[in-house]
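So the chains spell out like this:
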Amino acid sequence: MPHISVLSKEISELIAAGEVIERPASVIKEVVENAVDAGAKHITVEIKHGGTTYMRITDDGCGMQAADVPTAFLRHATSKISAKDDLEKIYTLGFRGEALASISAVAKVSLLTKRREDSLGTRYDINGSIPDGDPEATGCPDGTTIIIRDLFYNVPVRQRFMKKDVSEANAVSQIVQKIALSHPDIAFQMIRDNRLEFCTDGSGDLYATIYAIYGKEFAHDMIPVEFDDGYLNVTGYTCKPLYAKSSRSFQFFFINGRYVRSRVCSVAVEGAYENLIMTGKFPSCVLMISVNASDIDVNVHPTKAEVRFTNEKNVADGLYFGIKNALIQSGLIYEFRIQPQKPVTDWTAPVPETLVFSQPPLPEVPIPVSSPVEEYVSFEAIMSDNNINDKNKISITSPVEKLEPIKTTAPNDHKEVFVDVSDIEIEEMENEIINTSYDEISIEEYQESVHNENANKNTSEITDNISASSEIKEEHHDTSIRVIGEVFKNYIIAEAENNIVIFDKHAAHERVIFEKLRAGTAGHSRQMLMTPVKLLLSTDETDALQNNGKLLSGMGFSFDFENSPNILVTGVPVFAQDLNIDEIVTEIARNIVIGKTNPQPSYLDDTFHSIACKAAIKANDKNDLIELQKLANEVYNNENIRHCPHGRPVMFVITKHELEKQFRRI
């Protein structure tokens, strides 16, 4: 067995540092938490190249005296606790005394600090746990400034596992966002590659902090929460059920000012939204939970990101009822009550006197006496009477005031009579005026003219149809399949050589879209959006989209990441422009996150299925012959398209032999 020896201080510190410092975001978390514990009211975080080469954290806290500066970089040196009993009631964010020692072991650190009562500050440099001289007096503002350069410069193995700069920068931004949410009374500034990412005002208003970090749309969808049952105090905001997210990335729980991941809290919140949101959706929330420090244990995770409760049921109940009350008070949960039935009225009972309605006497109105009106004689009476006196001539009464009497000739005595034409259509009257005599045109001649007119009309229609079909045939003269028509508004009937081919147009179009997405050729039909779609994604989802631009471009999507964490969708494939872009992009991002680095199209098959199914033409959709012909060409001439993504066939063939056999021709 090899000889057992104690590791050197340098190696042991590198091992210990690896447990605390994983990436630039870990450095920012530890230093910013120290700034919060120091009572700072303004904190500025600046990074370059994702924090791998440069990080600067500036605060206006209490600062340190010169004698304590070297001690602060020793392992397990802290001012937060001094006895073992202090571990049972921790109210500060940091308490282990490992942050500065771990950071200085793997990076080059420069520290500037000054207390308000001191006239000069202190400067101290340390590289790889080795001090670069003694602390020296210098001029600097009140508070502390820490500059970290070249992270993991002395641990090459850790450098190889660092992600791209954009991913590391997004992780840093996420850490600062969470700390800013947990302390709305502190003004935070986040500067990323010389660009201001976000800033908060430090007014103490949590809603204003949410607005500053995640934007107007996210803040607008939140409702206030306030609940206190004596054991647990819950304040903050939760989302309206309609605006639930596709993941739990926007569930933020802060216990005594510390961000934690808690399964207990997530289950309680989601239980309050039961039957209010769709399956697969998750509520967003920013909740401040206050509980007695002796009832929780924060020393169960190296990064203090998890806690344990002595009474999980009380915590779950407090959160559940707090969210439930907030939803009810906001009018988002409705209580339906069945109204009591009204008693049946006995209609046979006498009506009370007070309800008897008496008709008041009507006023006397003199009734005018009309003079005798002119007597009208029917047309039949006129035609049957051969001796008509002048006094019985009928005057025309018609809604058309300018209509003149029509003079006609009676067939018997050829006398002039006046006919009431009030019920005769205007067109019939015009025809009557044109044809003033029954003898001018015979019925046979009229029928022959009508027949000739219809024949000419049908001939023109047939000519138009033949020309239209010839145009289609000319356009597709190079194809081996000819679409005849469509039946049941879903099935395409086509002729190919000696076969009849029947296509399911939805299944066929779905498979065509799926193949374009999977092959990365959908980008050729990208549609740029005049109004980009704004989305709020988690850090992991944003990284997934940023690091796989080529893959997404082949799918037909383009993005703008200038205002992270809010991104803009600037282009989509033309067949997806009418779909819910929010759901599609989020689903794509989540599948890429599952695939991690260099995701293959197979990871996105489920997403491609979903997009293709939603974007494909549906049964009962109206499609012209040209559209159907193009779809038939794409499917029939591609041997890979014989089933839809769900496994159903997209077409089947009836041969000429089978058809003639049905008619017993063979």
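Our subject in this report is the structure included herewith. (Residues numbered from 1 in each chain as written. Predicted model: local features only at pLDDT ≥ 70, side-chain atom pairs only at ≥ 80, totals over all residues. Heavy atoms only, no water.)

It is worth spelling out the overall build of the protein at this point. Secondary structure assignment for the protein yields 19 helices and 25 strands. Buried positions account for 40% of the 666 residues belonging to the protein. At a minimum sequence separation of 6, the contacts of the protein that also span at least 24 residues come to 66%. (Helix = DSSP H or I, 4+ residues; strand = E, 2+ residues; numbered from the N terminus. Buried < 20%, exposed > 50% of the residue type's maximum accessible area, 1.4 Å probe, protein only. Contact = heavy atoms within 4.5 Å.)

Taken as a whole and assessed by the stated rule, the structure comprises three cavities of 30 Å³ or more. Roughly 130 Å³ of internal volume is contained in the largest cavity. Lining the largest cavity we find 17 residues, and of these Gln 177, Leu 537, Ser 538, Thr 539 and Pro 565 sit closest to its centre. Contributions of two or more residues to the lining of the largest cavity are made by helix 6 (165–182) and helix 14 (539–546). (1 Å grid on protein atoms, 1.4 Å probe; cavity = no way out; pocket = protein on both sides within 12 Å on 5 of 7 lines; lining within 4 Å. Points joined across faces, edges and corners; volume = space filled by probe spheres on them.)

What follows covers a nonpolar patch on the surface. Where nonpolar side chains cluster on the molecular surface, the patch consists of Val 487, Phe 488 and Tyr 491 and spans about 320 Å² of accessible area. Inspection of the secondary structure puts Phe 488 in the loop between strand 19 (482–487) and strand 20 (491–496). (Patch = residues over 30% accessible without salt bridge, like charges linked within 9 Å, V, L, I, M, F, W, Y side chains within 5 Å. Areas by Shrake-Rupley, 256 points an atom, 1.4 Å probe, with all protein chains shown as cover. Salt bridge = Lys/Arg side-chain N within 4 Å of Asp/Glu carboxyl O.)

For the rest of this paragraph, the subject is the side chain of Glu 541. In this structure, Glu 541 sits in helix 14. Exposure remark for Glu 541: the relative accessible area of 2% places this residue in the buried category. Among residues more than four places away in sequence, those in contact with Glu 541 are Ser 247, Thr 586, Ala 589, Arg 590 and Val 593.

Right, let's talk about helix 18 (residues 625–636) for a bit. The end-to-end C-alpha distance of helix 18, which contains 12 residues, comes to 16 Å, matching closely the 16 Å that a straight helix rising 1.5 Å per residue would cover. Regarding helix 18, the residues found buried are Leu 628, Gln 629, Leu 631, Ala 632, Asn 633, Val 635 and Tyr 636. Residues of helix 18 that are buried make contact with strand 19, strand 20, strand 21 (499–504), helix 13 (505–519) and strand 25 (651–655). (Expected span 1.5 Å × (residues − 1).)

For the rest of this paragraph, the subject is the packing of helix 13 against helix 18. The geometry of helix 13 relative to helix 18 is characterised by a closest axis approach of 10 Å and an angle of 60° between their N-to-C directions. Considering their axes alone, helix 13 and helix 18 lie oblique with respect to each other. Helix 18 is crossed by helix 13, and the crossing has left-handed handedness. Within the contact between the two elements, helix 13 uses Lys 505, Ala 508, His 509, Val 512 and Lys 516 and helix 18 uses Leu 628, Leu 631, Glu 634 and Val 635. For the contact of helix 13 with helix 18, the per-class residue count stands at five nonpolar, one polar and three charged. (Axes fitted to C-alpha atoms, helices over the stretch in contact; angles between N-to-C directions. Parallel < 35°, antiparallel > 145°, perpendicular 65-115°, else oblique. Left-handed = near helix turned anticlockwise from the far one by under 90°. Nonpolar A, V, L, I, M, F, W, Y, C, P; charged D, E, K, R; others polar.)

All right, on to the environment of Ser 610 then. Tracing the chain through its elements places Ser 610 in helix 17 (residues 605–615). Between the C-alpha atom of Ser 610 and that of Phe 514, which follows or precedes it by 96 residues, the distance is 9.1 Å.

Moving on to the side chain of Ser 266. The topology assignment puts Ser 266 in helix 8 (residues 263–272). Taking relative accessible area as the criterion, Ser 266 reaches 9% and is therefore assigned buried. Here the side chain of Ser 266 touches Gln 251 through a polar contact of 3.1 Å, side chain to side chain. Ser 266 has contacts with Gln 251 and Phe 253, leaving out every residue within four places of it along the chain. (Polar contact = N/O pair within 3.5 Å; in protein donor to acceptor, adjacent residues only side chain to side chain.)

Moving on, we come to the nonpolar core. Nonpolar side chains in soluble globular proteins generally cluster together in the buried interior. Judged by nonpolar contacts, the single largest core of 87 residues is most densely connected at Ile 28, Val 32, Ile 43, Ile 148, Phe 188 and Leu 287. Looking at which element gives the most residues to this core, the answer is helix 6, with eight residues. Excluding anything up to four places from it in sequence, Leu 287 contacts Val 225, Val 234, Thr 235, Gly 236, Tyr 237, Phe 252, Phe 253, Phe 254, Val 269, Leu 319 and Ile 323. By size, the runner-up hydrophobic cluster in this structure holds 30 residues, among which are Met 555, Phe 557, Ile 567 and Ala 615. (Core = buried A, V, L, I, M, F, W, Y, C linked by side-chain atoms within 4.5 Å.)

Next up on the list: the sheet that holds strand 23 (residues 558–560). The antiparallel open sheet is built from three strands, whose spatial order is 22-24-23. Sheet topology places strand 22 (526–536) and strand 23 at the edges, where each strand pairs with a single neighbour. Across the sheet, the axes of successive neighbouring strands diverge by a mean angle of 25°, strand direction being ignored. Sheet analysis places strand 23 next to strand 24 (residues 566–573), joined by three bridges and oriented antiparallel. Bridging across to strand 24, Ser 558 finds its partner in Gly 571. (Pairing = 2+ DSSP bridges.)

Turning to the packing of aromatic side chains, a few remarks are in order. One pass over the full model with this rule turns up 12 aromatic pairs. With a centroid separation of 5.5 Å and an interplanar angle of 40°, the aromatic rings of Phe 73 and Tyr 124 are classed as tilted. Of this pair, Phe 73 sits in the loop between helix 3 (69–72) and helix 4 (99–106) while Tyr 124 sits in strand 4 (residues 121–127), and the two are 51 residues apart along the sequence. For the residue pair Phe 73 and Tyr 124, the accessibility class agrees, reading buried in each case. Ring plane angle 45° and centroid distance 5.7 Å describe the contact between Phe 218 and Phe 250, whose orientation is recorded as tilted. Taken together, the positions of Phe 218 in helix 7 (residues 206–220) and Phe 250 in the loop between strand 11 (233–239) and strand 12 (251–255) put the pair 32 residues apart, joining distant regions of the chain. Accessibility expressed as a relative area gives 5% for Phe 218, which makes it buried. On the accessibility criterion, Phe 250 (4% relative accessible area) is buried. (Phe/Tyr/Trp six-rings, centres within 6.5 Å; stacked < 30°, edge-to-face > 60°.)

Here helix 7 spans only 13 Å end to end across 15 residues, well under the 21 Å set by a 1.5 Å rise per residue. The largest bend along helix 7 reaches roughly 130° and is located at Tyr 214. All of the buried residues along helix 7 are Leu 206, Thr 209, Ile 210, Ile 213, Tyr 214, Gly 215, Phe 218 and Ala 219. Where helix 7 begins, the capping side chain belongs to Asp 205, and its oxygen is found 3.1 Å from the backbone nitrogen of Tyr 207. (Bend = angle between axes of the 7 residues up to and from the residue.)

Turning to the packing of helix 13 against helix 17, a few remarks are in order. Their axes nearest at 8 Å, the elements helix 13 and helix 17 cross at an angle of 140°. Classified by the angle their axes make, helix 13 and helix 17 are oblique. In this structure, helix 13 crosses over helix 17, and the sense of that crossing is right-handed. Judged by residue contacts, His 506, His 509, Glu 510, Ile 513, Phe 514, Leu 517 and Arg 518 of helix 13 engage Asp 605, Phe 608, His 609, Ile 611, Ala 612, Cys 613 and Ala 615 from helix 17. Of the residues assigned to the contact of helix 13 with helix 17, the class counts are eight nonpolar, three polar and three charged.

Going through the model one piece at a time under the given rule, you end up with 18 salt bridges. Residues Arg 123 and Asp 125 are paired through a salt bridge, measuring 3.5 Å at the closest nitrogen-oxygen approach. On the accessibility criterion, Arg 123 (31% relative accessible area) is partly exposed. Given a relative accessible area of 18%, Asp 125 falls into the buried group. Within this structure, Arg 115, Glu 117 and Asp 118 form a network of salt bridges that share partners.

Once that is clear, we can look at the sheet that holds strand 20. Sheets are built from strands that pair by backbone hydrogen bonding, the pairs being arranged parallel or antiparallel. Taken in spatial order, the four strands of this open sheet run 19-20-21-25, and their pairing is antiparallel. Every other strand in the sheet has two partners, leaving strand 19 and strand 25 as the edge strands with one partner each. Neighbouring strand axes in the sheet, compared pairwise and without regard to direction, differ in orientation by 25° on average. Two elements, strand 19 and strand 20, share five bridges in a ladder whose sense is antiparallel. Looking at strand 20, one finds that Gly 485 is bridged to Ile 493. Sheet strands touched by helix 13: strand 19, strand 20 and strand 21. Its angle to strand 21, the strand with the most contacts, is close to 75°. With respect to the sheet, helix 18 is in contact with strand 19, strand 20, strand 21 and strand 25, its orientation differing from that of strand 19 by roughly 115°.

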